[in-house]
Amino acid sequence: MEIEQLAEHLGARVHGLTLDDSLTDSQFADLHRAFLDHLVLVVPEQHLRPHQQLKLARQFGEPEPPHPLFPAHPDEPQVTVIENDADSPPENDTWHSDVTWRRTPPLGSILQAQVMPATGGNTRWSSMYAIYDALTDEDKTRFESMRGLHSIETFAGSLNDSEDGGRVREALSKHPPVEHPMIRTHPETGRRGLFVNEGFTTHIADIDTGESERILSRLWKMVDDRQFRVEVEWSPGTVVIWDNRCTQHFAAADYYPEHRRMHRVTIIGDEPRMVAH
């Protein structure tokens with residue numbers, strides 16, 4: 001296995017590795033170390049079947065149950081199908097970490113390209129370690145005691161909701177808004193990272209609304225800064241494995257109305273915590 005670093009703060013392309021049933025324990029140990037070191041791993045030309053994608057995910061941890069709003073693969077319900085075309089415009093073109101509206105957001109995700117448009121449809125990732133490191137000492141100290149409120153209600157009115165809003169209301173009854181620390185300590189590396197995102201963080205708890213909006217707006221600009229990012233160009237069969245605890249991602253919608261289909265498995269994580277130095 002060879003690792004090719006793609007950007008300064010995150011991202012690596014993995015060469016010489018097959019992710020199907022032949023992956024050995026030793027190979028997975030090397031893959032997991034690269035995962036913690038580089039946060040986003042790109043492994044081209046894999047063409048995993050749904051059960052193989054799930055088997056790979058189980059080496060990292062237990063896969064999450066089916067998503068309450070996105071469709072599931074008919075053979076493997078824990079494989080989420082993210083599909084867009086002329087009749088289903090893309091809605092993932094906002095910076096976010098997956099499923100932070102849960103009490104225990106995912107450890108990470110494994111995404112495989114199935115059908116790709118002729119051009120466009122790249123995905124960007126940004127390092128929340130690097131964002132935290134770039135904060136002023138004053139901001140770091142202040143944000144340590146702050147918590148962000150995350151909610152699935154941001155899906156209201158989207159194509160994944162029903163016409164009467166019932167699907168999101170039902171999801172909210174099972175997954176009410178939850179608070180997470182703004183700064184999270186990674187449970188495996190011990191590093192700190194920003195843990196609010198534009199997709200699901202509605203506001204900062206216990207401060208004035210205007211002040212919350214000013215802080216979050218400033219942080220969203222940092223997340224989109226090129227110096228903290230890596231961009232992945234997909235082709236059918238490309239697999240990307242990323243650490244959801246310390247990254248955000250943005251799926252460009254520049255291919256619409258062409259067809260794009262992805263298979264995703266998310267892996268159960270732990271409750272975010274901020275550990276004092």
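Refer to the structure printed above.
Below is a summary of the structure that appears in this document. (Residues numbered from 1 in each chain as written. Predicted model: local features only at pLDDT ≥ 70, side-chain atom pairs only at ≥ 80, totals over all residues. Heavy atoms only, no water.)

Considerations on helix α6 (residues 209-223)
Then, number 1: Taking 1.5 Å of rise per residue, 15 residues should cover 21 Å, and α6 covers 21 Å from first to last C-alpha, within 8% of that figure.
Then, number 2: Those residues of α6 that fall on the buried side of the exposure criterion are Ser 212, Ile 215, Leu 216, Leu 219, Trp 220, Met 222 and Val 223. Buried residues of α6, seen end-on, are gathered within an arc of 155° and therefore sit on one face of the element. Along α6, exposed side chains directed more than 90 degrees from the buried face belong to Glu 213, Arg 214 and Lys 221. (Helix = DSSP H or I, 4+ residues; strand = E, 2+ residues; numbered from the N terminus. Expected span 1.5 Å × (residues − 1). Buried < 20%, exposed > 50% of the residue type's maximum accessible area, 1.4 Å probe, protein only. Arc of directions from axis to C-beta.)

Overview of the pairing of strand β13 (residues 239-243)
Taken residue by residue, a regular strand's side chains alternate between the two faces of the sheet.
Then, number 1: Counting buried positions over the five residues of β13 gives five, a clear majority of the element.
Then, number 2: Here β13 shows two buried faces, one formed by Val 239, Ile 241 and Asp 243 and the other by Val 240 and Trp 242.
Then, number 3: Where strand β3 (residues 40-43) meets β13, four bridges bridge the pair, whose relative direction is antiparallel. Bridge pairing in β13 links Leu 41 to Ile 241.
Then, number 4: Relative to β13, strand β5 (residues 108-115) runs antiparallel, the two sharing five bridges. Looking across to β13, one finds that Ile 110 is bridged to Ile 241. (Pairing = 2+ DSSP bridges.)

A look at the side chain of Arg 102
Then, number 1: Topologically, Arg 102 is positioned in the loop between β4 (80-84) and β5.
Then, number 2: Setting aside anything within four residues of it in sequence, one finds Arg 102 in contact with Glu 64, Pro 65, Pro 68, His 175, Val 178 and His 180. (Contact = heavy atoms within 4.5 Å.)

Quick notes on empty space enclosed by the protein
Where empty space is left in the structure can be found by rolling a water-sized probe over the atoms.
Then, number 1: Scanning the model with the defined rule gives three cavities of 30 Å³ or more in all.
Then, number 2: Reported here for the largest cavity is a volume of approximately 70 Å³.
Then, number 3: Lining of the largest cavity is provided by Glu 64, Pro 65, Pro 66, His 67, Gln 78, Thr 80, Val 99, Arg 102, Arg 264, Val 265 and Thr 266.
Then, number 4: It is strand β15 (residues 260-267) that contributes the most residues to the lining of the largest cavity, three residues altogether.
Then, number 5: A breakdown of the residues in the lining of the largest cavity according to their chemical character gives four nonpolar, four polar and three charged. (1 Å grid on protein atoms, 1.4 Å probe; cavity = no way out; pocket = protein on both sides within 12 Å on 5 of 7 lines; lining within 4 Å. Points joined across faces, edges and corners; volume = space filled by probe spheres on them. Nonpolar A, V, L, I, M, F, W, Y, C, P; charged D, E, K, R; others polar.)

Topic: the layout of surface pockets
Then, number 1: In this structure, the largest pocket encloses a volume near 370 Å³.
Then, number 2: If you trace the largest pocket, you find 23 residues lining it, with Phe 70, Glu 91, Asn 92, His 96 and Phe 155 closest to the centre.
Then, number 3: Among the secondary structure elements, those contributing two or more residues to the lining of the largest pocket are β14 (247-251) and β15.
Then, number 4: Considering each element in turn, the lining of the largest pocket owes the most residues, three residues, to β15.
Then, number 5: When grouped by side-chain class, the residues that make up the lining of the largest pocket number ten nonpolar, nine polar and four charged.

What to know about the environment of Thr 80
Then, number 1: With respect to the helices and strands, the residue Thr 80 is situated in strand β4.
Then, number 2: Take Thr 80: its relative accessible area is 7%, and that puts it in the buried class.
Then, number 3: Sequence-distant contacts of Thr 80, that is, excluding residues within four places in its chain, are made with His 67, Phe 70, Pro 71, Met 262, His 263 and Arg 264.

Here's the deal with the sheet that holds strand β11 (residues 201-204)
Then, number 1: Taken in spatial order, the three strands of this open sheet run β8-β7-β11, and their pairing is antiparallel. This sheet does not close on itself; its edge strands, each paired only once, are β8 (178-181) and β11. If you compare each strand with its neighbour and ignore which way they point, the axes differ by 35° on average.
Then, number 2: Looking at chain direction, strand β7 (residues 147-150) and β11 are connected through three bridges and run antiparallel. Opposite Leu 149, over in β11, you have His 203 as the bridge partner. (Axes fitted to C-alpha atoms, helices over the stretch in contact; angles between N-to-C directions.)

Some points on the sheet that holds β14
Then, number 1: Across the sheet, three strands lie side by side as β12-β6-β14; this open sheet has antiparallel pairing. The strands lining the two open edges of the sheet, one partner per strand, are β12 (229-232) and β14. Taking each pair of neighbouring strands and ignoring which way they run, the sheet shows an average axis angle of 20°.
Then, number 2: When strand β6 (residues 123-127) meets β12, the two strands line up antiparallel, connected through four bridges. When the bridges of β12 are listed, Thr 123 appears paired with Val 232.

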